[in-house]
Structures are given as structure tokens and as C-alpha cells.
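Understanding the architecture of this molecule
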Amino acid sequence: MTENEVPLFLHLRREPFEYGLLPLPNLMFTDGTATLKGVREKLLQNSFTYTVNNNNHSSNNDDNNNDNGGEVSRSFSMRVNATGIAESLQLSEDHARVVIDTLASVLPEHGQGGGAADPLIHASYVDVDSIGADVSDLILFLFIQTYKKLVPRTHKDAASVADVWPSTSAFDGIFATLSPLQLMRSGRRFMPSQADEEAHQLSYVQKHLPNILGLLAEPSDNESADMQVLSSESFEHLGLLFHVRERGTEDRSLSQVAPFFANSDPDMPAVPVPVPQVLDWILEHICAASDNPLEKVLGGENGSPTVGDLDITKNDSCGSSSGCQSGAFPNGYNQQQKDAHLKLTFVEGVNKASVMKQPSNIEGSSVKVLNCHDSVIYILAPFNYATVNGCSDATILLGAVGKAVRIEHCERVNVIVATMHICIANCRECIFYLGVNKQPIISGNNHNLQVAPYNTFYPDLEMHLAQVGVDRAVNLWDKPLALGMVDPHDSLSHPAGVSDVQAESATVLHPDQFLSFVIPKWFEVESKFQQTKDNPFILPNPYMAAQQQKYNSLEDTRGSLRNTQLDDSKKRELASAIHGHFKDWLYDLRRFGGSHLAYGRLSKKVPFLNQIAGLQHQRFLFSSWDPERILY
């Protein structure tokens, strides 16, 4: 095969299926496209045009008037805001806003004709309603809400794990919920693999592609698929589902590579193409998100690949911190995005260990932390998507996540993350320390969840936040929104009425139980960029006051110890006792993932360490603390 004969491939994007499904019954259209066509008409009736001028001024108009005093502007027509979505879909305003936020988190970064991305992607929280969502993108998003996830394979000895997950809900046994301990006993082989999930997604799209194209086709009195046509502009909206990859080229839009649109005159509107022609072309080139058909083609003659490794990369965990340390981030975030849509970084199966990932360790733009127990995971890097699934008794720090985070089936886990959008489902006894620009979404069968403000920093954090577009001035950590208790995408049947039950939401962590989290200094690397020296998110006043009170109590306790009249032998004996109790407390801290539970257990053993350990535990642990320093 010659250079010119190398084919292109349409990789199915996994993000809409992994981060774009919502447990809202009103979004489930079981009759195919019949209802969605009516919904589309309602959305168009409520639509407007959003205009962006070159001075960043924007406005909503009822037409495409671009006359702005000579200024160059760009108009985005057929937009709809939360009010229009709520009216068209019979949703509440809050749920309609969730639809827009979730759609924004899965839209592709490239725009029509290779231009700028949809303005909704990087819209600030206050601007979302004025920008709105594109009706065609929204229709595709609503269609894939009919997708059903793969279900876990049944464990051969179900009775052996039946007593592990505590029964605290009247609906236990109805939901597709496996506890982390069940996962650990049954093993990953009983859960769908990444390849299984992507193959299932591909099968779904192949089956429903004719209906998808029918929804995007130009309005016509003739409903026959053979007579329908697709415009170049409508064709571009398939970028929500497909990503183009060619050998040796940068990302290009769909219309730039499709032969029926690629050679069109840029000064003239492209001639619409019959839907059957588009269907045949897509089916000829489509492949799963992580498939490497190009490598197979190019490497078939000599048995070795001739392009970079595009397989999903599984990063091995390590038991020692030093072994996981990596270098600085010299080249910038964008240079790591080549083939990012194909790759994943896995941190999987870590048990009683610490794992550290720097930007140079991250493959692609997505990270998955799976089946980790009694461990501490540090991922200090910028990326777009993150999944945490099946973890227990762990602390997981995710760096700056620009698009979306999904946390499922976790137990007694502390998650620290700065992100644009987060969804939490089927978790128990977890604490989430959040810097989040959109309302946190809670769904599924949850119990005893708590949310708290963001509580840490590392040297490159502010740079990473800027690179992925997370606004540190906006933090909606204390405004979680509970959706349905049942996930309609789990392929299981549910009793009548259960789908209307609302999930148990999260409570706000009391300020007295709030602790700052300090990252080990040995993980720090030299950076040529201006370093972050404090928490970039503003700490609410009650939490700031509680922190200050702990500092004052600490100083009072240290002063009392210094003034104690003890001879040298008694001082050494006291220092030894403090050191012994402190070691016990560190064990509790690790066991409970650094949570306030360990703080409480230690305070019962040694009351005056209630202030010392609770405030300074990370500093003592990671700065070669000497107990005798308290006495002198």
C-alpha cells in the first residue's frame, strides 16, 4: 500500500457514552426518532441566534444580523437555553441546566470546518444560558440517552459476596451496584473491559446510524430515507460521535475528509448529499475508540507497527513513592494531545500502596482509577476526563480535570479534585473535596456522602487549571443536585415507580472536621513556571475560621508543653509517648484515607493531640517531624 492509499478512520468517541448519560426518565425516548422529531420542532421554536463579536461582546438575536458597526462577528444559529429545553422536554429548570452542562462536557474541542469549538464548551457559569446549546447537538445527545450499558457478568459464587455490601436501602437487590469489596473478591474479569465497552458502543452506533442521520437530515415532505439529504453543516454535528484520524495529519473536521464535501467551493454552499451515501461512507470507515486499524494496515507486511503506539496504556502502580516520581512538564499541555482521543491512562488494582503520576506519565486526555484499595493516589496533571470506580479506603487526588469526572461504586474514599463538571453515583461513606465550576450531580444508590471545599495545592496547580479551563473563582461545591436513584442505562428491569425515586444527596462537611491536605514534598519537581503556594480556591469563612482556631489551639498547646517543668528524662519519656501515639494515629489516618475519622479516633487516645495531629498531620508526616520539637 502506498502513502497516498493509506485510509482514514472515524474513531467513535467514548466520552458521550461514559460521561454524557443522565438518569432522567424524561430523556428516555423508547420509540426511536418519532418523538425526537417532534421535540426538535419544539426546540427550534424556542431557539435563538448567539453572536460573538471580535471584542468578546456577545448577544442573543432572533436573526443572523452580523452588522455590528463594522466589527467582524460570528453567529451561531438555532441555539436553545435551559428555559427552552425545560419547556420542550417537560423538565424542571434545574434538570434542563444539567442537560446543557452535561452536553457541554462531552462536545468535541474542534469546530465546524476545523474552526473554533462550540462556544458552549468554554462558557462561564453565568454565560451558559445566554449562549445556549445547538439544537442539532442536543438532538444527538438526547438520542444516545437510549444507550444501555454492558452489565457485569454474574459471579460464579454469588453467595460468597452477598454479605459484603451492607443493606441500608429498601431498594437493595434492584440496582446494578457492586461494592468495592465485591469487586476485589470477584476480580476485574467479571466487569466489562474497556475493549468490551467500546465494542458495545460501536455496535450501538452502527445499529442506530440510519436513525441518527435521519434526525440530522434536511426537512422534507418525503420521509423516505432514500430521498433525504444531509447538508455539510448538519454533517459536522456528527463530530459529537466521531473523531477523524489520518496518518501524519492534525485533527480535521468531518467535512474536510468526506469526499462528497471535501472539494466544495469555500465561497459557495456545499450541495447536500443523499443520506444513504453518507451512511455507506461512515460504515466503511467507522471503528471503536481505541482500535488501531491504521497500524494493522501499515504494519501488516513486516509484522511491526510503523506509527506510534495507540493502544490503551495501562500504567503500572508502584509500592514505593520514589519509584513513581516523574519529571517536570516542560512542553505544555497541548503537545501531549496527539492521539489523545485514542489513549487512556489506567491506575488499576493498587492495594496498600501509594502511586504518583506527573504529566509525563499521562497518556492521552483521560484517566481511569479502578479497583484501588487502602491506598493513596496522586495524579498531579491536567487532563480532560477522569473516572474513579470500585475503590475503597483510599485517598485519590486528581489534578485539574477540564471536562468531566465520574465517580462510581466507591466506599470510604476521599476524592480531591478541581474540575468543570462532576457526577457521583452509587457511593457510600465518601467525602469529596471539590473545586467545581458546575453543580455536582448525585445519582444512584448512595449513603452518607459529604462534600467539602477544595483543600490542597501543588506547585503547578494554577497553571494546570488555566490549561484545561477550570475557573478557580467559581466553586459550586456546596450545591449538589440529586437526580434519580435508578440508572435507566444499566440494562436491568426495575419495578414500577422506582425510576421516580430521588437519590440520597450529599451533606456539607462540618468546618470543624475540615482538614487541609498536604502533598508530600518529595513528589515536588523543579518548574520554570510560577508556582502555586496556596489553595487557589477561596475557602469559605466558616472553614477559614475553623482552621485559624486549630492553629491557635496548637500554639496554646505547644506553649503549655514548653512551660512544663520536667527534667530531661521526663521530657524524653513524654516525647516518646507522643511519638508512639502519633504513629498509631498515622495508621488510622492511612486506614481511613486521611479522613476526619482518624482525627476523631486519635483524640480519644490523647486529648491534647486533638489539635496537634488534626492540624499538622501532613506536615509532620512529610517533613521529617521530630516529636521533641513540640517540647522545645
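A quick note: this is a predicted structure, and the numbers were derived from the prediction, not measured.

The rules behind the values
Residues numbered from 1 in each chain as written. Predicted model: local features only at pLDDT ≥ 70, side-chain atom pairs only at ≥ 80, totals over all residues. Heavy atoms only, no water. Pairing = 2+ DSSP bridges. Helix = DSSP H or I, 4+ residues; strand = E, 2+ residues; numbered from the N terminus. Contact = heavy atoms within 4.5 Å. Axes fitted to C-alpha atoms, helices over the stretch in contact; angles between N-to-C directions. Parallel < 35°, antiparallel > 145°, perpendicular 65-115°, else oblique. Left-handed = near helix turned anticlockwise from the far one by under 90°. Nonpolar A, V, L, I, M, F, W, Y, C, P; charged D, E, K, R; others polar. Buried < 20%, exposed > 50% of the residue type's maximum accessible area, 1.4 Å probe, protein only.

All right, on to the sheet that holds strand S7 (residues 242-245) then. Taken together, the 3 strands give an open sheet; going across it, the order is S7-S1-S9, and neighbouring strands pair in mixed fashion. This sheet does not close on itself; its edge strands, each paired only once, are S7 and strand S9 (286-287).

Attention now goes to the environment of Val369. Inspection of the secondary structure puts Val369 in strand S13 (residues 366-370). Put simply, Val369 and Phe346 are 23 residues apart on the chain and 6.1 Å apart in space, counted from C-alpha to C-alpha. Other than its neighbours up to four places away in sequence, Val369 contacts Val347, Ile377, Ile379, Thr387, Val388, Asn389, Cys391, Ile396 and Leu398.

Another aspect to go through is the packing of helix H8 (residues 194-216) against helix H12 (residues 275-285). Direction vectors running N to C along H8 and H12 enclose 150°, while the axes themselves pass 10 Å from each other. Our classification of the angle between H8 and H12 gives roughly antiparallel. Classified by chirality, the crossing of H12 by H8 is right-handed. Listed contacts from H12 to Gln206, Leu209, Pro210 and Leu213 of H8 are Val275, Val278, Leu279, Ile282 and Leu283. Along the lines of polarity and charge, the residues of the contact of H8 with H12 split into 8 nonpolar, 1 polar and no charged.

With that out of the way, let us pick up helix H3 (residues 82-89). Counting buried residues along H3, 6 of its 8 residues qualify, which places the element largely inside the surrounding structure. Residues of H3 that are buried: Ala82, Gly84, Ile85, Ala86, Ser88 and Leu89. On the buried face of H3, the contacting elements are helix H2 (33-45), strand S4 (73-80), helix H4 (93-106), helix H5 (128-131) and helix H6 (135-143).

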